[in-house]
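A look at the structure
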Amino acid sequence: MATTPAPAPPVSAAATPLLEVRHLRVEFPTRRGTLLAIDDVSFSIAPGEILGVVGESGAGKSLTGAAIIGLLEPPGRIAGGEILLEGRRIDDLPYEQMRRLRGRRIGAIFQDPLTSLNPLYTIGRQLTETIQTHLDVDAAEARRRAIGLLQATGIPAAEQRIDQYPHQFSGGMRQRVVIALALAAEPRLIVADEPTTALDVSIQAQIIALLKRLAREHGASVMLVTHDMGVIAETCDRVAVMYAGRIVEVGPVHDVIHAPAHPYTAGLMGSIPAMDGERERLAQIEGAMPRLNAIPPGCAYHPRCPHVEPRCRAERPELMDAGATHAACWRVAAVAPAREGTA
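Rules used in this analysis
- Residues numbered from 1 in each chain as written.
- Predicted model: local features only at pLDDT ≥ 70, side-chain atom pairs only at ≥ 80, totals over all residues.
- Heavy atoms only, no water.
- Helix = DSSP H or I, 4+ residues; strand = E, 2+ residues; numbered from the N terminus.
- Buried < 20%, exposed > 50% of the residue type's maximum accessible area, 1.4 Å probe, protein only.
- Contact = heavy atoms within 4.5 Å.
- Areas by Shrake-Rupley, 256 points an atom, 1.4 Å probe, with all protein chains shown as cover.
- Axes fitted to C-alpha atoms, helices over the stretch in contact; angles between N-to-C directions.
- Parallel < 35°, antiparallel > 145°, perpendicular 65-115°, else oblique.
- Left-handed = near helix turned anticlockwise from the far one by under 90°.
- Nonpolar A, V, L, I, M, F, W, Y, C, P; charged D, E, K, R; others polar.
- Core = buried A, V, L, I, M, F, W, Y, C linked by side-chain atoms within 4.5 Å.
- Domains from an automatic or database assignment.
- Pairing = 2+ DSSP bridges.
- pLDDT = per-residue confidence, 0-100.
- Lys, Arg positive; Asp, Glu negative; His and termini not counted.
- Salt bridge = Lys/Arg side-chain N within 4 Å of Asp/Glu carboxyl O.

Our focus in this paragraph is the overall build of the protein chain. Looking only at helices and strands, the protein chain has 12 helices and 12 strands in total. Within the protein chain, the proportion of its 343 residues that are buried is 49%. Within the protein chain, residue pairs in contact and separated by at least 24 positions form 63% of the contacts whose partners lie at least 6 positions apart. For the protein chain, the accessible surface area stands at approximately 16600 Å², while carbon and sulfur atoms represent 52% of it.

The structure is reproduced here in structure tokens:
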């Protein structure tokens, strides 16, 4: 018998969420029918908290972030659910209101900094224009703030480099400038989509430390989209694992990494190289992420799952209590009575 869908657990029950995503659905109408890309995704982020969203390419991570910041590429559209920022619904705002909100209350950091920076304008002009668009300050104050942002993000000689162009910066330095732009209007939420991809390890570590400091010192909430579990482990407080447009496990990062409840999460963990040298070869998840027009019935992961049962092929599990985490897996439901009996 199918279970009644339950609301996803909050990311932090101890604090009022800064961001709430409730039963989000994202669709792409096509000539051959409507494709469901994000299917009933719910989560929340508390002030000062970093939530990692992880999964393979095509899982829906970046689409979820794009829906939150109002930058879905047409013909993609939000077809259901709600997105609330500080208790205010934002998914139904007119374009111009959302544009102002995106700069003022929500900052965005994208994977390729060159897509966020105008090559024809100096870094300083781009920063000061952003600051003056969203904050009531004069040109001198905007420049002073811009220099402070560059210094805060670790760019040396900021007073001189502020008048340089994007091509005069290295990849890691450009990513720092993008972070400075995202922080220019002192946003409450930062959506970071693969901010460390294509950067060398030392620069990755510096960007990770910067994001953690922003959350700690400014109370900003961060949604960190990545496929790198190492970045998740180093940066995040909690992690949501996505597969085929749904969250399959969510919980504290330590518990999800060291005691995964969903077979897909366990597969992701098994594919990480071990530094102790005990494993001769890496584990791998057989098969591939299903296409949007071919998502199987029941649990979407069942064709690749080593623990598949008949129920998995027929019924789709919702997120269930798995101890320290919540997981959408029928194996969790099977052990739940025993766990409750020993509580």
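Moving on from the model shown.
What follows is about the packing of helix 6 (residues 171-183) against helix 7 (residues 201-218). Following both chains from N to C, one finds helix 6 and helix 7 inclined at 15°, their axes separated by 10 Å at the closest point. One finds that helix 6 runs roughly parallel with respect to helix 7. Helix 7 is crossed by helix 6, and the crossing has right-handed handedness. Contacts from Gly172, Gln175, Arg176, Ile179 and Leu183 in helix 6 reach Ile203, Gln206, Ile207, Leu210 and Leu214 in helix 7. Considered class by class, the residues forming the contact of helix 6 with helix 7 number 6 nonpolar, 3 polar and 1 charged.

Quick look at the packing of helix 3 (residues 123-134) against helix 4 (residues 139-152) now. For the pair helix 3 and helix 4, interaxial distance at closest approach is 9 Å and the crossing angle is 115°. Note that helix 3 runs across helix 4; the crossing there is right-handed. In contact with Ile123, Leu127, Thr128, Ile131 and Gln132 of helix 3, helix 4 contributes Ala139, Ala142, Arg143, Arg145, Ala146, Leu149 and Leu150. Along the lines of polarity and charge, the residues of the contact of helix 3 with helix 4 split into 8 nonpolar, 2 polar and 2 charged.

Before going further, it helps to examine unusual backbone geometry. Between Pro74 and the following residue, Pro75, the backbone shows a cis peptide bond with an omega angle of 10°. Even without being a glycine, Asp40 presents a positive backbone phi close to 60°. As for its placement among the helices and strands, Asp40 is situated in strand 2 (residues 33-45). At Ala244, a position not held by glycine, the phi torsion is positive, near 50°. Under the relative-accessibility criterion, Ala244 is labelled buried at 9%.

Turning next to the nonpolar core. Inside soluble globular proteins, nonpolar side chains tend to come together where they are buried. Among the nonpolar cores identified, the biggest contains 98 residues, and Phe43, Ile68, Ile106, Leu150 and Tyr264 are the most heavily contacted of them. Among the elements that take part in this core, helix 6 stands out by supplying 8 residues, more than any other. The residues that make up this core include at least three from each of domain 1 (19-236) and domain 2 (243-274 + 285-335). Aside from chain neighbours lying at most four places away, what touches Tyr264 is Gly55, Glu56, Val241, Met242, Tyr243, Val248, Ile285, Met289 and Tyr301. Within the second largest apolar cluster, 8 residues are counted, among which are Met320, Ala327, Cys329 and Trp330.

Take the sheet that holds strand 2 next. An order of 2-1-4-5 is seen for the 4 strands of this open sheet, with the pairing classed as antiparallel. A single partner strand is all that each edge strand has here, and the edge strands are strand 2 and strand 5 (88-89). Helix-sheet contacts for helix 1 (residues 61-69) involve strand 1 (19-30), strand 2 and strand 4 (77-85), and the interaxial angle to strand 1 is about 105°.

Turning to the confidence of the model for the protein chain, a few remarks are in order. Mean pLDDT for the protein chain: 88, with 90% of residues reaching 70 or above. When mean pLDDT is compared element by element in the protein chain, strand 10 (residues 246-252) scores highest at 98, while helix 12 (residues 330-342) scores lowest at 64.

Relative to the helices and strands, Arg161 resides in helix 5 (residues 158-161). Comment: no salt bridge for buried Arg161; closest opposite-charge side chain is Glu159, at 10 Å. Once you skip the residues sitting within four places of it in the chain, Arg161 turns out to touch Ile155, Pro156, Gln168, Phe169 and Met173.

The next point concerns the environment of Asp39. Of note, Asp39 is situated in strand 2. Here Asp39 falls in the buried class, since its relative accessible area comes to 11%. C-alpha separation for the pair Asp39 and Arg25, spaced 14 residues apart in sequence, amounts to 4.9 Å. Setting aside anything within four residues of it in sequence, one finds Asp39 in contact with Leu24, Arg25, Gly245, Arg246 and Arg316.

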